[in-house]
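Structural overview for review
Residues per chain are reported as follows:
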Amino acid sequence: MNLFEYYASKIFLSICGWIFSLVPVDKQKVVFASARDNKASGNLLALSQAYKEAYPDAHYVMLFRTYSYGLVGKIGYLFSLITTTYHLKTARYFFVDNALFPVHVIKHRKETLVIQVWHATGILKRFGLDTDVDERKVENRFLHKGYDYVIADSEPTRAAYASAFHIPTQQVLCLGSARTDALLEKDARAKARKLLEERFPALKHKIALLYAPTFRGYSASKTAATTLNAIELKNLLGENFALVYKPHAVVTNDNVSAFDAVLDAKDDINTYLPGFDGVITDYSSVLFEAALLNLPLYKLCGDYMDYCKQTGFYLDYLREVPGTNCTSTSELGDAILAAGMPLMLTEHEQKAYEAFCSKYCTYNDGHATERYLTRFPIEGLSREI
């Protein structure tokens, strides 16, 4: 977004917002909105399902449209923002999981609560306003303003969320990541494995390893990670292993022929995560979910110093985050083979996982959605039990 687009959009939406303020707030309207995807996923999907089950008679609005960097896409997106502005001005609860332009430039009414649930679990790499990117100068004029509350996973993470969104710590509530509730259900592993094998029959009777890296760069210049040599890893591991790639949702990667299976970039990773035998990542927040599931975790961090300079961390990634640090594909292969078949955590690793989750995932205990429903009830409606 350039400076002209910013001011033109802000003025236009402000006029729309003034008109929409003439409409009374619907105290039973709950909005779930995101520009990250064209459908509900992650925390917003989990929360929308929980609310609809608890309050089936409430008024629910789902607003999902990805941002486009092209001219035609920008024009289409602007029209969708009119609808978003209307619901922002007339809803009781407005849940978002990322930056959303109307939230930041339009002042919502006192009767409305805007709640930032974020799309990732835990605090690992710096995000929000804690990142300093020159190409984002215009966005820094408005990004992440307008939240009433931001949700954290534990007490030690509240300060990071407050910093990332430039809000007082008292506006950061420890409720947990709603998306993690399903991971801790009794039959989560069996269900996820069944889904994986139905979709990818080649995974049957294999030790299935998920490769889920994060992206590099910012805005339109985001690119996929290039730190893993999949062909080399498959040759090292042999036929007992299957390597499944999950591209990050904001990048594209055509070099997927070396993998046994490839999930869609828009797939909700938590749908399949419990069905894997181990996880390979770099600096993705998937490592928090892997730790919750006690999945053997391998951190491919050969570009760690470069990533520190580009993005940075809230935690001591190499020492504090559990899992095996690997700087090359060959080192990664050796570490996986050393864990045996099936892959198992050592007693020391198990204790490290428990300590990590106890500190940083305290409220990711399978009851996060219940805490949301208790903290943000819908007035005038009885709750279904």
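This text follows the structure it describes.
Note that the structure is a prediction, hence the values are computed from the model and not measured.

Time to look at the packing of helix 2 (residues 42-54) against helix 13 (residues 368-375). Running from amino to carboxyl end, helix 2 crosses helix 13 at an angle of 60°, the nearest separation of the two axes being 10 Å. Relative to helix 13, the element helix 2 lies oblique. Considering how the two elements wind past one another, helix 2 and helix 13 form a crossing that is right-handed. Together, Ala46, Leu47, Ala50, Tyr51 and Ala54 of helix 2 and Thr369, Tyr372 and Leu373 of helix 13 make up the contact between the two elements.

Moving on, we come to the pattern of salt bridges. Summed over the entire model, instances satisfying the criterion amount to 15 salt bridges. Asp365 is paired through a salt bridge with Arg371; the nearest N and O atoms lie 2.8 Å apart. Here the salt bridges share partners, and the residues they tie into one network are Arg193, Glu197 and Asp277.

As a further point, take the nonpolar core. As a rule of thumb, soluble globular proteins bury nonpolar side chains together. In this structure, Phe94, Tyr317 and Phe356 are the most contacted members of the largest nonpolar core, which totals 79 residues. Looking at which element gives the most residues to this core, the answer is helix 8 (residues 286-292), with six residues. If near-sequence neighbours (up to four positions away) are discounted, Phe356 is found in contact with Leu287, Phe288, Ala291, Leu315, Glu320, Val321, Pro322 and Cys361.

Considering the arrangement of structural elements, one finds His119 in the loop between strand 4 (113-116) and strand 5 (149-152). Within the local environment of His119, its side chain forms a polar contact with the backbone oxygen of Asp97, the two atoms lying 2.9 Å apart. If sequence neighbours within four positions are ignored, His119 has contacts with Arg36, Asn43, Asp97, Asn98 and Arg179.

The next thing to look at is helix 13. Residues of helix 13 that are buried: Ala368, Thr369, Tyr372 and Leu373. Along the axis of helix 13, the buried residues cluster in a sector spanning 140°; they form a single face. Residues of helix 13 that are buried in the fold lie against helix 2, strand 3 (91-96) and strand 5.

If a strand is regular, its side chains alternate between the two faces of the sheet. The alternating pattern of strand 5 places Tyr149 and Ile151 on one face and Val150 and Ala152 on the opposite face, and all of these are buried. For strand 5 and strand 6 (residues 172-174), the ladder comprises three bridges, and the chain directions are parallel. For Val150, the partnering residue across the bridge sits in strand 6 and is Val172. Following the chain from strand 5 across helix 5 (residues 158-165) to the adjacent parallel strand 6, one finds a crossover that is right-handed.

This part takes up the sheet that holds strand 8 (residues 241-245). Strand order in the open sheet formed by six strands is 9-8-7-10-11-12, and the pairing between neighbours is parallel. The two strands at the open ends of the sheet, each matched to only one other strand, are strand 9 (261-262) and strand 12 (324-326). Here three bridges tie strand 7 (residues 207-211) to strand 10 (residues 278-281), and the two strands are oriented parallel to one another. From the neighbouring strand, Leu210 faces strand 10, where its bridge partner is Val279. Across the sheet, helix 7 (residues 230-237) is in contact with strand 7, strand 8 and strand 10; its angle to strand 8 comes to roughly 160°.

What counts, and where the lines are drawn
Along each chain, residues carry numbers from 1 onward, in the same order as the chain's sequence is written. Restriction of local features to residues with pLDDT of at least 70 applies here, the model being predicted, together with a cutoff of 80 or more for giving and counting side-chain atom pairs; totals for whole chains, interfaces and linings are based on all residues. Side-chain measures here rest on the full set of heavy atoms in the structure, leaving out hydrogens and waters. Where helices are involved, their axes are fitted lines through C-alpha atoms of the stretch in contact, as for all axes, and angles between N-to-C directions lie from 0 to 180°. Numbered from the N terminus, helices here are DSSP runs of H or I no shorter than four residues, and strands are runs of E no shorter than two. By definition in this entry, angles of less than 35 degrees are roughly parallel, angles greater than 145 are roughly antiparallel, angles of 65 to 115 are roughly perpendicular, and the rest are oblique. We call a crossing left-handed when the near helix sits turned anticlockwise from the far one by less than a right angle, and right-handed when that turn is clockwise. Contacts are assigned to residue pairs with any non-hydrogen atoms lying within 4.5 Å of each other. Any Lys or Arg side-chain nitrogen located within 4 Å of an Asp or Glu carboxyl oxygen qualifies as a salt bridge. In this description, a nonpolar core means a group of buried Ala, Val, Leu, Ile, Met, Phe, Trp, Tyr and Cys residues linked to one another through side-chain atoms lying within 4.5 Å. Working definition: with a 1.4 Å probe on protein chains only, accessible area under 20% of the residue-type maximum means buried, over 50% means exposed, and in between means partly exposed. Polar contacts, as used here, are pairs of N or O atoms within 3.5 Å; protein pairs need one atom able to donate a hydrogen and one able to accept it. Residues neighboring in sequence count only if both atoms are side-chain atoms. By arc we mean the arc of the directions from the helix axis to the C-beta atoms, nothing more. Should DSSP find at least two bridges between two strands, the strands are regarded as paired. For a crossover, the right-handed case is the one in which the path from the first strand over the helix to the second runs clockwise, viewed with the strands pointing away from the viewer.

Take it as geometry only, folks, not as evidence of what the structure does.
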